[in-house]
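Geometric and topological summary
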Amino acid sequence: MDYESNSWIWEGVYYYPHLFGGLMLTAALLGLSTSYFSGVGVPSLPFLGSDFGIFHKKKHGKKRIRVYMDGCFDLMHYGHANALRQAKALGDELVVGVVSDEEIIANKGPPVLSMEERLALVSGLKWVDEVIANAPYEITEKFMDSLFNEHKIDYIIHGDDPCLLPDGTDAYALAKKAGRYKQIKRTEGVSSTDIVGRILSYVREVKDCQDLNGTSLHGEPHKESESKGAQISQFLPTSRRIVQFSNGKGPAPNARIVYIDGAFDLFHAGHVEILRSARQLGDFLLVGIHTDQTVSENRGNQYPIMHLHERSLSVLACRYVDEVIIGAPWEVTKDMITTFNISLVVHGTVAENNSLTGENDPFEVPKSMGIFRLLESPKNITTTSVAERIIANHEAYMKRNAKKAESEKKYYAEKMYVSGD
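Please read all numbers here as calculations on a predicted model, not as lab measurements. (Residues numbered from 1 in each chain as written. Predicted model: local features only at pLDDT ≥ 70, side-chain atom pairs only at ≥ 80, totals over all residues. Heavy atoms only, no water.)

On to the overall build of the chain. Along the chain, the regular secondary structure elements total 16 helices and 10 strands. A buried classification covers 48% of the 421 residues belonging to the chain. For the chain, the proportion of contacts with a sequence separation of at least 24, taken over those separated by at least 6, is 78%. Surface exposure of the chain reaches about 21,500 Å², of which carbon and sulfur atoms provide 52%. (Helix = DSSP H or I, 4+ residues; strand = E, 2+ residues; numbered from the N terminus. Buried < 20%, exposed > 50% of the residue type's maximum accessible area, 1.4 Å probe, protein only. Contact = heavy atoms within 4.5 Å. Areas by Shrake-Rupley, 256 points an atom, 1.4 Å probe, with all protein chains shown as cover.)

Here is the structure:
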């Protein structure tokens, strides 16, 4: 029997056994030879035209599950990234809604980052497939219908911490009622509220924040500032978390490896864009993350805002990054270039401090080797400029934090173990 020429028969048997059996019985009753179905080439049945669709059904792959998760994603941190990583694991394609500025103001208070900056951060995450801008804070019936029908969403995802509207109702009540809701585990030890608190803790006096032009993060912390140990929950780094965020792949034998280093503190849209530019210059992007001590020595005692492991995870979550060096040295040495087979060392034009000139130029070696390149930074954003937005509007953020702090305490007081991570 010619399998290829009769493949439509076998597809029919496989996909429609009952219907095909009925056709065989009909053929027998009509006195037609059923030997056709066992491979003997007799004329085709008169009522089965060549365009009879059921036998031309092709074997399709398994339906791709599309999941949706939304958020403000203000002051993007590794907790946001881990939430989206978990959400992606529940499906094949992840669609992320970024809540509008207006909705954030109405429900939480003023956002620190603009919509453009928040979109850049979310789009830059390796687990995100699509982004919906200006999403509503509440999953309304109208928006839920849009997700299901227009965006072909199968499930709506959120963390195990409650998300309440100003009236105290659950923002995801309709999704739960529809049976299209799935829950993930909250990443503990960090939140946007916590980060704002870290920044405000370094403000010496409230009057220092009255005028944005006179605002600065430089100086010693306030004597009554909140200590790191006063946080409700601490980030506990594990080797498994690093593996979860890592691509787990090394460079190809002849890959052009590009290296860029920095503090990458308070990971922002400027970081995403410079990493994108750096990645376009080669096949593999290696990012060096400076130690907390190195950052403090070069930027001041108030830095870094995020510690080494927190910063490393934020960088690893970026889709343009292939690998990081956790605790990279300040100076790029010849031995380091040889060890990692670095082809090009780059640095952005926008930085917290000018490290490209002077006696202690960390890029002296790659410059002498002719493998250094200065990249024009796509965005004029720094960690300090983001922090200063908070300091300049400290009263609004202090009120927001006070409200959020209460819900955080309640969550941790009532929390139970949730499987997954």
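Low pLDDT means the predicted atomic positions in that stretch should not be read closely. Summarising the model, the chain shows a mean pLDDT of 80, and 71% of its residues fall at 70 or more. For residues 1-17, every residue scores under 50 in pLDDT, and the model assigns this stretch 22 contacts once sequence neighbours within four places are set aside. Residue range residues 23-59 is modelled with pLDDT below 50. Its contacts to residues more than four positions away, or to other chains, number 32 contacts. (pLDDT = per-residue confidence, 0-100.)

As summarised here, the arrangement of the five strands in space is 8-7-6-9-10, forming an open sheet in which the pairing is parallel. Of all the strands in the sheet, just strand 8 (323-328) and strand 10 (372-375) have a single pairing partner and so form its edges. Taken pair by pair, the neighbouring strands of this sheet meet at an average axis angle of 25 degrees, ignoring direction. Two elements, strand 7 (residues 284-290) and strand 8, share five bridges in a ladder whose sense is parallel. (Pairing = 2+ DSSP bridges. Axes fitted to C-alpha atoms, helices over the stretch in contact; angles between N-to-C directions.)

Pairing between side chains becomes possible if they bear opposite charge and their charged atoms approach one another. Evaluation of the coordinates by the stated rule reveals 15 salt bridges. Its salt-bridge partner being R198, residue E310 comes within 3.0 Å of it at the nearest N-O pair. On the criterion of sequence distance, the pair formed by E310 in helix 12 (residues 308-316) and R198 in helix 8 (residues 192-200) is long-range, its members being 112 residues apart. For E310, a relative accessible area of 1% corresponds to the buried category. Residue R198 is classed as buried on the basis of its relative accessible area of 5%. (Salt bridge = Lys/Arg side-chain N within 4 Å of Asp/Glu carboxyl O.)

In this structure the tally under the stated criterion is two cavities of 30 Å³ or more. In this structure, the largest cavity spans a volume of roughly 420 Å³. Residue lining of the largest cavity: 30 residues in total, with G262, R299, H347, V350 and A351 positioned closest to the centre. The element best represented in the lining of the largest cavity is helix 11 (residues 292-299), accounting for four residues. A class-by-class count of the residues in the lining of the largest cavity yields 12 nonpolar, 14 polar and four charged. In this structure, the second largest cavity occupies an estimated 80 Å³ of space. (1 Å grid on protein atoms, 1.4 Å probe; cavity = no way out; pocket = protein on both sides within 12 Å on 5 of 7 lines; lining within 4 Å. Points joined across faces, edges and corners; volume = space filled by probe spheres on them. Nonpolar A, V, L, I, M, F, W, Y, C, P; charged D, E, K, R; others polar.)

Our next topic: the environment of A396. As for its position among the elements, A396 is in helix 16 (residues 394-414). A residue is classified by how much of its surface remains accessible, and A396, at 32% relative accessible area, is partly exposed. Residues A396 and G109, 287 residues apart in the sequence, show an inter-C-alpha distance of 7.4 Å.

Reading across the sheet, the five strands line up as 3-2-1-4-5 and stay open at both edges, with parallel pairing between neighbours. Since the sheet does not close on itself, it has two edges, and those belong to strand 3 (130-135) and strand 5 (181-184), each with one partner. Geometrically, the sheet is characterised by an average inter-axis angle of 30 degrees between neighbouring strands, direction not taken into account. Where strand 4 (residues 155-159) meets strand 5, four bridges bridge the pair, whose relative direction is parallel. Residue G159 lies in a different strand from strand 5, and its bridge partner there is I184. Along the sheet face, helix 5 (residues 115-123) touches strand 2 (93-99) and strand 3 and points at about 165 degrees away from the line of strand 2. Against the sheet, helix 6 (residues 141-149) makes contact with strand 1 (66-71), strand 3 and strand 4, and its axis sits at roughly 120 degrees relative to strand 4, the strand it touches most.

Once that is clear, we can look at helix 6. The α-helix winds at 3.6 residues per turn, so residues separated by three or four positions along the chain end up facing the same way. Burial in helix 6 covers these residues: F143, M144, S146, L147 and F148. On its buried side, helix 6 packs onto strand 1, strand 3, strand 4 and helix 7 (173-177).

All right, on to the side chain of D265 then. Examined against the element boundaries, D265 turns out to sit in the loop between strand 6 (257-262) and helix 10 (269-279). Comment: no salt bridge for buried D265; closest opposite-charge side chain is R311, at 4.6 Å. A polar contact is formed between the side chain of D265 and the backbone nitrogen of M306, at a distance of 2.8 Å. (Lys, Arg positive; Asp, Glu negative; His and termini not counted. Polar contact = N/O pair within 3.5 Å; in protein donor to acceptor, adjacent residues only side chain to side chain.)

Attention now moves to the packing of helix 5 against helix 10. Running from amino to carboxyl end, helix 5 crosses helix 10 at an angle of 50 degrees, the nearest separation of the two axes being 8 Å. Between helix 5 and helix 10, the interaxial angle falls into the category oblique. Where helix 5 crosses over helix 10, the two elements pack in a sense that is left-handed. Every residue of helix 10 that contacts helix 5 at E117, A120 and L121 is listed here: A269, V272 and E273. When the residues that make up the contact of helix 5 with helix 10 are grouped by side-chain class, the tally is four nonpolar, no polar and two charged. (Parallel < 35°, antiparallel > 145°, perpendicular 65-115°, else oblique. Left-handed = near helix turned anticlockwise from the far one by under 90°.)

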